[in-house]
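As a plain string of letters, each chain reads:
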Amino acid sequence: MKILVIGPSWVGDMMMSQSLYRTLKAAHPDAQIDVMAPAWCRPLLDRMPEVHQALAMPLGHGALELGERRRLGISLRNEKYQRAYVLPNSFKSALIPFFARIPQRTGWRGEMRYGLLNDLRVLDKPAFPLMVQRYAALGYDARQIKTAADLPQPVLWPKLAVSNAEVTAVKTAFSVDNTRPLIGFCPGAEFGPAKRWPHYHYAVLAEKLISEGYQVVLFGSAKDNAAGEQIRLALTENAQPFCLNLAGKTSLDQAVVMIAACHAVVSNDSGLMHVAAALDKPLVALYGPSSPDFTPPLSHQAKVIRLITGYHKVRKGDAEEGYHQSLIDIQPGQVYQELTQLLNARKEL
């Protein structure tokens, strides 16, 4: 069986989509699963053993470009895909499998996709409260799976693997001190400062960890580098050499490998948080306006800290530097306590 998946466009969503690929591969071990997604996703897809190949989506996020989607679809006809799964809910995302004439085209109803999808599922959101459940459900017959409780258990969560040789090579490339165990911080957030734990709280936590013999490594994109520098420069002069700001300096694949090298991770609600969960790292995930009720870290070694309820659609908080009060109220001592418990539990295994 040959399967084409039109994948999502965000790191966290791409990580959670692996649950569908694992579900399909478990049901059809000989299936070939190809995933079409933005080129930057390739490092993640290449680490998913269920995926045969990543196909670059050449169109920008939000671009309709009907003619180009038709051309892409026609170019895939010779591949003879038998099934397609369309994970984004947009109209345009369903066009390529339609033009490719893939016989079975599955997805949630979304934006007026009648005809484009011929295995069209109507989503009952309360019945499938988690995004990962919605992805996994697409891998089963809709007549059998009416709610998340109907899904075979356990749901196959995302899972990435990194070799020791890769860790050694990347640590060498960035001159990482091998005498101190690493704790990773992911202080960025794609949708603005309201989702960020304040840099001064990160700095207090980093200072404490460094005093105990750890080295702190900061991860993120180029636009998170400034936030990383705020953390590093808030440290005492003696502690600064043991805080390495790699935000914007690594490729995505290098960041995955470096996170795998960490003993534990502290993260805002971000794509890298989901990477850390898929690497089975002890993880403290810090939530404010966004809610873990839909996209929590999928790991038994993750601890979520959140002081409010509900979902608040805000990108910039009212506090200084755009931070949200609910994240300001999460104190470094509480995070340190949860992190220490996770590290101690890991040592006992």
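A short tour of the structure in this document, coming up. Everything numeric in this text was worked out from a predicted model, so none of it was measured.

Procedures and definitions
- Residues numbered from 1 in each chain as written.
- Predicted model: local features only at pLDDT ≥ 70, side-chain atom pairs only at ≥ 80, totals over all residues.
- Heavy atoms only, no water.
- Pairing = 2+ DSSP bridges.
- Helix = DSSP H or I, 4+ residues; strand = E, 2+ residues; numbered from the N terminus.
- Axes fitted to C-alpha atoms, helices over the stretch in contact; angles between N-to-C directions.
- Contact = heavy atoms within 4.5 Å.
- Core = buried A, V, L, I, M, F, W, Y, C linked by side-chain atoms within 4.5 Å.
- Buried < 20%, exposed > 50% of the residue type's maximum accessible area, 1.4 Å probe, protein only.
- Arc of directions from axis to C-beta.
- Phe/Tyr/Trp six-rings, centres within 6.5 Å; stacked < 30°, edge-to-face > 60°.
- Lys NZ or Arg CZ within 6 Å of the ring centre and 35° of its normal.
- Polar contact = N/O pair within 3.5 Å; in protein donor to acceptor, adjacent residues only side chain to side chain.

**Some thoughts on the sheet that holds strand S5 (residues 104-108)**
Okay, step 1: Judged by pairing direction, the sheet is parallel, and its six strands sit side by side in the order S3-S2-S1-S4-S5-S6 without closing on themselves. Edge positions in the sheet fall to strand S3 (51-56) and strand S6 (119-121), since each of these pairs with one other strand and no more. Each adjacent strand pair in this sheet contributes to an overall mean axis angle of 20 degrees, direction not counted.
Okay, step 2: Pairing between strand S2 (residues 32-37) and S3: five bridges, direction parallel. Within S3, the residue paired with valine 35 across the bridge is alanine 54.
Okay, step 3: Across the sheet, helix H1 (residues 11-27) touches strand S1 (2-6), S2, S3 and strand S4 (83-86), and the angle it forms with S2 is around 160 degrees.

**Here's the deal with the nonpolar core**
Okay, step 1: Core analysis: the biggest nonpolar cluster contains 63 residues, and Tyr21, Leu45, Phe219 and Val275 have the highest contact counts within it.
Okay, step 2: Setting aside residues up to four positions removed in sequence, phenylalanine 219 forms contacts with Gly184, Phe185, Cys186, Pro187, Leu246, Ala247, Ala255, Met258, Ile259, Cys262 and Leu272.
Okay, step 3: Ranked by size, the runner-up nonpolar core spans 27 residues in total, among them Phe185, Leu205, Ile231 and Leu339.

**Here we look at the sheet that holds strand S12 (residues 302-305)**
Okay, step 1: Across the sheet, six strands lie side by side as S9-S8-S7-S10-S11-S12; this open sheet has parallel pairing. Pairing within the sheet leaves two strands with one partner each, and these edge strands are strand S9 (243-245) and S12. Looking at each pair of strands side by side, their axes are set apart by 15 degrees on average, direction ignored.
Okay, step 2: Bridge count for strand S7 (residues 182-186) against strand S8 (residues 215-218) is four bridges, and the pairing is parallel. When the bridges of S8 are listed, phenylalanine 185 appears paired with leucine 218.

**Side note on helix H8 (residues 225-233)**
Since the α-helix advances by 3.6 residues per turn, residues separated by three or four positions end up pointing in the same direction.
Okay, step 1: Listed in full, the buried residues belonging to H8 are Ala227, Gly228 and Ile231. Looking straight down H8, one finds its buried side chains confined to an arc of 100 degrees; they lie on one side. Turned more than 90 degrees off the buried face of H8, the exposed positions are Ala226 and Leu233.
Okay, step 2: On its buried side, H8 packs onto helix H7 (199-211), S8 and S9.

**Overview of the packing of aromatic side chains**
Two aromatic rings, taken as a pair, are described by how far apart their centres are and by the angle between their planes.
Okay, step 1: The tally for this structure, following the rule as stated, stands at five aromatic pairs.
Okay, step 2: With a centroid separation of 4.8 Å and 75 degrees between ring planes, the pair formed by tryptophan 197 and tyrosine 202 is classed as edge-to-face. Comparing tryptophan 197 with tyrosine 202, the two get one shared label, buried.
Okay, step 3: Taken together, a centroid distance of 6.0 Å and an interplanar angle of 85 degrees make the contact between tyrosine 200 and tyrosine 323 edge-to-face. Here tyrosine 323 lies in the loop between S12 and helix H11 (325-328) and tyrosine 200 lies in helix H7, a separation of 123 residues in the sequence.
Okay, step 4: On the basis of relative accessibility, which here comes to 34%, the residue tyrosine 200 falls in the partly exposed class.
Okay, step 5: Residue classification places tyrosine 323 among the buried residues on the basis of a relative accessible area of 5%.
Okay, step 6: Aromatic ring contacts, followed pair by pair, group Phe185, Trp197 and Tyr202 into a single cluster.
Okay, step 7: Positioned above the aromatic ring of phenylalanine 242, the side-chain terminus of arginine 180 is 3.7 Å from the ring centre.

**A closer look at the environment of serine 326**
Okay, step 1: Among the secondary structure elements, serine 326 is positioned in helix H11.
Okay, step 2: Of the residues examined, serine 326 reaches a relative accessible area of 5% and is grouped as buried.
Okay, step 3: Taking C-alpha positions, serine 326 is 28 Å from glutamate 212, a pair spaced 114 residues apart along the chain.
Okay, step 4: If we ignore the near neighbours within four places in the chain, the residues touching serine 326 are Gly288, Pro289, Leu307 and Ile308.
Okay, step 5: Within the structure, the side chain of serine 326 is placed 2.7 Å from the side chain of histidine 324, a separation counted as a polar contact.

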